[in-house]
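Per-entry structural report
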Amino acid sequence: MLKVIDLSNHQRGMSLDTLKADAFIFKATEGTYFIDDTCDTFVQQAKKLNKPYGVYHFLDQNDVIKQADFFLTHIKGYIGEAILVLDYEEYGKQGAQKAKEFLDYVYKQTGVKPLIYMNESDANSDDWLDVVAGDYGLWVAKYSQHTPVVKQWPSYAMWQYTSTPVDTSHFYGDKLAWQQYAAPKKTITQQKDAYHTTGTRFEALRTLVIQADESFKKASGMHFSKSTVFDIEQICHTKTTTHACILYNHRKVFVTLHKDYVRKID
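All of the points below concern the structure found in this document. (Residues numbered from 1 in each chain as written. Predicted model: local features only at pLDDT ≥ 70, side-chain atom pairs only at ≥ 80, totals over all residues. Heavy atoms only, no water.)

1. Some remarks on the nonpolar core
- Counting residues in hydrophobic clusters, the biggest one holds 47 residues, and the most contacted among them are Phe26, Val55, Ile116 and Trp153.
- In terms of residues, this core owes the most to one element, helix H3 (residues 96-110), which gives seven residues.
- Residues contacting Phe26, with those up to four places away along its chain left out, are Leu7, Leu16, Cys39, Phe42, Val43, Ala46, Tyr53, Gly54, Val55 and Tyr56.
- Within the second largest apolar cluster, 17 residues are counted, among which are Tyr117, Ala141, Phe171 and Ala182. (Core = buried A, V, L, I, M, F, W, Y, C linked by side-chain atoms within 4.5 Å. Buried < 20%, exposed > 50% of the residue type's maximum accessible area, 1.4 Å probe, protein only. Helix = DSSP H or I, 4+ residues; strand = E, 2+ residues; numbered from the N terminus. Contact = heavy atoms within 4.5 Å.)

2. Some details on the pattern of salt bridges
- Enumeration over the complete set of coordinates arrives at nine salt bridges.
- Where Lys27 meets Glu30, a salt bridge forms, and the shortest distance between an N and an O atom there is 2.6 Å.
- On the basis of relative accessibility, which here comes to 9%, the residue Lys27 falls in the buried class.
- When its relative accessible area of 8% is taken as the criterion, Glu30 is described as buried.
- Residues Lys100 and Asp104 are paired through a salt bridge, measuring 2.7 Å at the closest nitrogen-oxygen approach. (Salt bridge = Lys/Arg side-chain N within 4 Å of Asp/Glu carboxyl O.)

3. A few points about the packing of aromatic side chains
- Taken as a whole, this structure holds 14 aromatic pairs when the rule is applied.
- A ring pair is formed by Tyr53 and Tyr78, whose centres lie 6.0 Å apart and whose planes are at 85°; its orientation type is edge-to-face. Placement of the pair is Tyr53 in strand S4 (residues 53-58) and Tyr78 in the loop between helix H2 (64-74) and strand S5 (83-87), with a sequence separation of 25 residues.
- Residue class for Tyr78 comes out buried when judged on its relative accessible area of 9%.
- Judged by centre distance (5.9 Å) and plane angle (65°), the ring pair of Tyr156 and Tyr172 falls under edge-to-face. In this pair, Tyr156 is assigned in the loop between strand S7 (138-141) and strand S8 (158-162) and Tyr172 in the loop between strand S9 (168-171) and helix H6 (175-182), connecting sequence segments 16 residues apart.
- According to the relative accessible area criterion, Tyr172 is partly exposed, its value standing at 39%.
- Taken together, the ring pairs connect Phe24, Phe26 and Phe42 into an aromatic cluster. (Phe/Tyr/Trp six-rings, centres within 6.5 Å; stacked < 30°, edge-to-face > 60°.)

4. Some details on the side chain of Gln160
- Looking at the secondary structure, you find Gln160 in strand S8.
- For Gln160, the side chain forms a polar contact with the side chain of Asp6, separated by 3.1 Å.
- The contacts of Gln160, once residues within four sequence positions are left out, are Asp6, Tyr117, Trp139, Val140, Ala141, Lys142, Tyr143, Asp167, Thr168 and Ser169. (Polar contact = N/O pair within 3.5 Å; in protein donor to acceptor, adjacent residues only side chain to side chain.)

Rendered as structure tokens:
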């Protein structure tokens, strides 16, 4: 487990070597207008100290794709090294589907799966099943001695447990795990063993969001609960995933065949 401190222009001038932390996360951008001018200074300090780091975008009410582009424009030099984060709180709460649009766009452009940051209440008060099914990790805030309770994610990557004297979190992994969150994901041709490529009947290992189109850009509004057994019509492939076509309620829908999400029965 790593102790993580996150900083922004509010801590301007702070020297990282004065902080007892194993890793850092820095604010990079907000909306489509604000660039945190302390970000790169902090990043260079972290790199000099050989500490893992991440960068985040604070969402506002502007168009989420324009915000994602703005974020990516200003963090190009960090991609592949930094964990990427969407900060979802306060006036930027546009709903789970809009948050997923941001996350999907960043993933498509970089190959990196961002984390999403929010408090415990927000993590339980919206329908995040599409985000969970998209394999986007959660960084949850709860300033308490008691660990957060989240109902839709099977676990969370980080817990921000205090803001005193600075925002501080537990990261549930080591430096290698941090690097895996930061690294671009391999394409489907490089990770075939992560998916079932044969089979006709499967069991859900966790809640699965059913997709309405084969490109996985639109949810159907349905889901399979954990332990649901389902038969499939055929197996389909894209550049980034392998999934099944299912006839369900007299319509064609699609579901992932990732081995972390389903078990092959037949």
